[in-house]
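Structural overview
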Amino acid sequence: MNQEARKMASWGDINAALNRLVREGVIAGFKTNRGDKSLDSSLHVNVTPAPNDDVDTVRDRILSVLTPLDDEVTVTVGAEEPARA
């Protein structure tokens, strides 16, 4: 059976991408489930936005950075409802 391989970013790839956004001042911090041993599940990212940043803009930026790395990404900005891509 020929199934297309699912893209699944490593913790290092995710960490590098999100740390770049911290350095750029887009987000103040982040937490993901990829450090867990649950690599079979989709990527869940909870970010703390930088002060005075628009939640929608931050979410869109995170999704644009992570979606090319991982097929299933769920992003929560602060305490909002998760957004999936």
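Our structure's up above, just so we're on the same page.
1. Quick look at the overall build of the protein
- A count of helical and extended segments in the protein gives 2 helices and 4 strands.
- For the protein, the succession of helices and strands along the chain, N to C, is α-β-β-α-β-β.
- Within the protein, contacts between residues at least 6 apart in sequence are counted, and of these 47% link residues at least 24 apart.
- Taken as a whole, the protein presents about 5,300 Å² of accessible surface, with 50% of it coming from carbon and sulfur.

2. Overview of the pattern of salt bridges
- One pass over the full model with this rule turns up 4 salt bridges.
- A salt bridge links Arg61 to Glu24, with the nearest nitrogen and oxygen atoms 2.7 Å apart. Of the two residues, Arg61 sits in helix α2 (residues 55–66) while Glu24 sits in the loop between α1 (11–23) and β1 (27–32), which places them 37 residues apart along the sequence.
- Classification of Arg61 as partly exposed rests on a relative accessible area of 32%.

3. Notes on the nonpolar core
- Within the largest apolar cluster, 18 residues are counted, with the highest numbers of intra-cluster contacts made by Leu18, Leu21, Ile27, Val47, Ile62 and Leu66.
- Those elements giving two or more residues to this core turn out to be α1, β2 (43–49), α2 and β3 (73–77).
- In terms of residue count, α2 provides more of this core than any other element does, 5 residues in total.
- Non-local contacts of Ile27, meaning those with residues more than four positions away in its chain, are made with Leu18, Leu21, Val22, Val47, Thr48, Pro49, Ala50, Val58 and Ile62.

4. Some points on the pairing of β2
- Bridge count for β1 against β2 is 5 bridges, and the pairing is antiparallel. Paired with Thr32 across the strands is Val45, a residue of β2.
- As judged from the 5 bridges shared by β2 and β3, these two strands associate in the parallel manner. Along β3, the bridge assignment pairs His44 with Thr74.

5. Some details on the packing of aromatic side chains
- This structure, assessed with the given rule, holds 1 aromatic pair.
- On the basis of an interplanar angle of 45° and a centroid distance of 6.4 Å, the ring pair of Trp11 and Phe30 is categorised as tilted. Of this pair, Trp11 sits in helix α1 while Phe30 sits in strand β1, and the two are 19 residues apart along the sequence.

So, how was this worked out
- Residues numbered from 1 in each chain as written.
- Predicted model: local features only at pLDDT ≥ 70, side-chain atom pairs only at ≥ 80, totals over all residues.
- Heavy atoms only, no water.
- Helix = DSSP H or I, 4+ residues; strand = E, 2+ residues; numbered from the N terminus.
- Contact = heavy atoms within 4.5 Å.
- Areas by Shrake-Rupley, 256 points an atom, 1.4 Å probe, with all protein chains shown as cover.
- Salt bridge = Lys/Arg side-chain N within 4 Å of Asp/Glu carboxyl O.
- Buried < 20%, exposed > 50% of the residue type's maximum accessible area, 1.4 Å probe, protein only.
- Core = buried A, V, L, I, M, F, W, Y, C linked by side-chain atoms within 4.5 Å.
- Pairing = 2+ DSSP bridges.
- Phe/Tyr/Trp six-rings, centres within 6.5 Å; stacked < 30°, edge-to-face > 60°.

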